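Understanding the architecture of this molecule
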Amino acid sequence: MVFKPIPDRTRWEGLLVAAWILLGDGLLLAWALYRPTDWLKFLLLLVIVLSLPALGYVLYRTWSAFSLEYWVDRNAVTIRWANVRQVVPINSIQRLIDGGVSHVGRVRWYHWPAPWLRQSETPDFPDLMLCATRPASECLLLDTGTMVFALSPRWRVRFVEQLQESYQLGPALSLHTNDLEPTRTQRWLRENGVGLALLGIGLIGVLVLFGRLMVAFPGLPNSLPFRYDSAGMPDVMRDKSTLFIIPAVGLLSWLANSLWGVWMAFRKQPTGAYMLWGGAILVQIFSLLALNSLLP
C-alpha cells in the first residue's frame with residue numbers, strides 16, 4: 001500500500017523560486033543578445049552559467065518534496081523520493097515512536113526545499129534519517145536499533161495498522177536495510193573527485209577563453225590579420241568576429257571530451273576518462289595561446 005506524506009508547502013516555494021531563476025536567466029539572456037560584445041555581455045552570460053547549478057539543485061529538492069511517499073508491504077517499508085529508494089525491512093523494526101524528538105540539527109539554507117528530508121542526529125538517536133514533511137517532533141519514528149527513520153504519513157493511523165498487519169503476516173523475503181546508496185550517479189560522483197576537478201578546470205578554461213576575447217573585443221579593429229606571407233606582411237584578413245571560432249573549438253572540445261569521458265567512467269575505464277578530460281584542458285591551454293597570439 002502506498003501512503004502519501006502530509007503536504008509540504010516548500011515544494012510550491014521551490015517551483016516558484018525555480019520559475020524566478022528561469023525568468024531572470026531569460027531576461028539576462030535577452031539583454032546579452034541585444035548588447036554589443038564587451039565585458040558586460042560576458043558578465044551577463046557568466047551569471048547565467050553560474051545560476052544553472054543553483055537551478056538544478058532547487059529543482060531536485062522540489063522533485064524530492066513532490067515525490068516523497070511510503071510503500072508498505074509484508075516485507076518492508078520502502079521510502080521513495082526523487083530517484084532514491086530506502087528500504088526498511090519489516091523484521092528490522094524494533095519499535096514505533098510517536099514523535100517526541102527534539103533538538104534535531106538546525107535547518108540550514110541548503111536543506112530547502114524539503115527541509116525535513118535529510119540525515120540528522122539527536123542526543124537520543126545518533127543516526128536519524130528524516131524522510132518527512134514535518135519536524136521530527138511531529139513524526140512517526142521507525143527504530144531499527146541501528147538507525148531511526150522519521151516519517152510523516154498523512155493517514156498515520158492507517159499506516160500503523162498496515163504496518164502491524166504486515167508484521168503479523170511475516171516477511172516472505174529476507175531483506176536488509178540498505179545503506180542509502182541512492183543511485184549509480186551519486187556513487188560515481190563520490191568515487192570520481194579527480195574527474196570532477198578536471199571537468200571543472202576544463203569549464204573554467206572555456207570561460208577564460210570567452211572572457212578574454214569578449215573583454216578585448218570592443219577595442220579590436222574590424223579586420224584582423226590571420227596569416228602572414230614570407231615577407232611578414234598580412235596575407236589573410238578576416239572580420240574580428242572570426243576570432244570566436246577559437247573559444248568555440250574549446251567549448252566543443254570540452255563538451256565532447258566530457259561526455260565521452262563520463263561514458264567511459266561509467267564503464268569502469270577511468271584511465272581513458274582522465275585522458276579525455278585532461279585532453280580537453282590541453283585544448284583550452286593551446287586555444288588560449290592561439291587567441292593571445294592573434295590579439296594585439
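Residues numbered from 1 in each chain as written. Predicted model: local features only at pLDDT ≥ 70, side-chain atom pairs only at ≥ 80, totals over all residues. Heavy atoms only, no water.

1. Remarks on the sheet that holds strand S8 (residues 140–143)
Backbone-to-backbone hydrogen bonds pair the strands of a sheet. The strands run either parallel or antiparallel. Read from one edge of the open sheet, five strands run S5-S8-S9-S7-S6, paired in mixed fashion. Each having just a single partner strand, strand S5 (95–98) and strand S6 (117–120) make up the two edges of the open sheet. Ignoring strand direction, the axes of neighbouring strands in this sheet form an average angle of 20°. Note: S8 against strand S9 (residues 148–151), four bridges, orientation antiparallel. Paired with aspartate 143 across the two strands is valine 148, which belongs to S9. Against the sheet, helix H3 (residues 156–169) touches S5, S8 and S9, its axis set at about 20° to S8. (Pairing = 2+ DSSP bridges. Helix = DSSP H or I, 4+ residues; strand = E, 2+ residues; numbered from the N terminus. Axes fitted to C-alpha atoms, helices over the stretch in contact; angles between N-to-C directions. Contact = heavy atoms within 4.5 Å.)

2. Some details on the packing of helix H1 (residues 10–34) against helix H2 (residues 39–67)
Put simply, H1 and H2 touch, their axes get as near as 9 Å, and they point 160° apart. Comparing the axis directions of H1 and H2 gives the class roughly antiparallel. Considering how the two elements wind past one another, H1 and H2 form a crossing that is left-handed. Grouping the constituent residues of the contact of H1 with H2 by class yields 22 nonpolar, three polar and three charged. (Parallel < 35°, antiparallel > 145°, perpendicular 65-115°, else oblique. Left-handed = near helix turned anticlockwise from the far one by under 90°. Nonpolar A, V, L, I, M, F, W, Y, C, P; charged D, E, K, R; others polar.)

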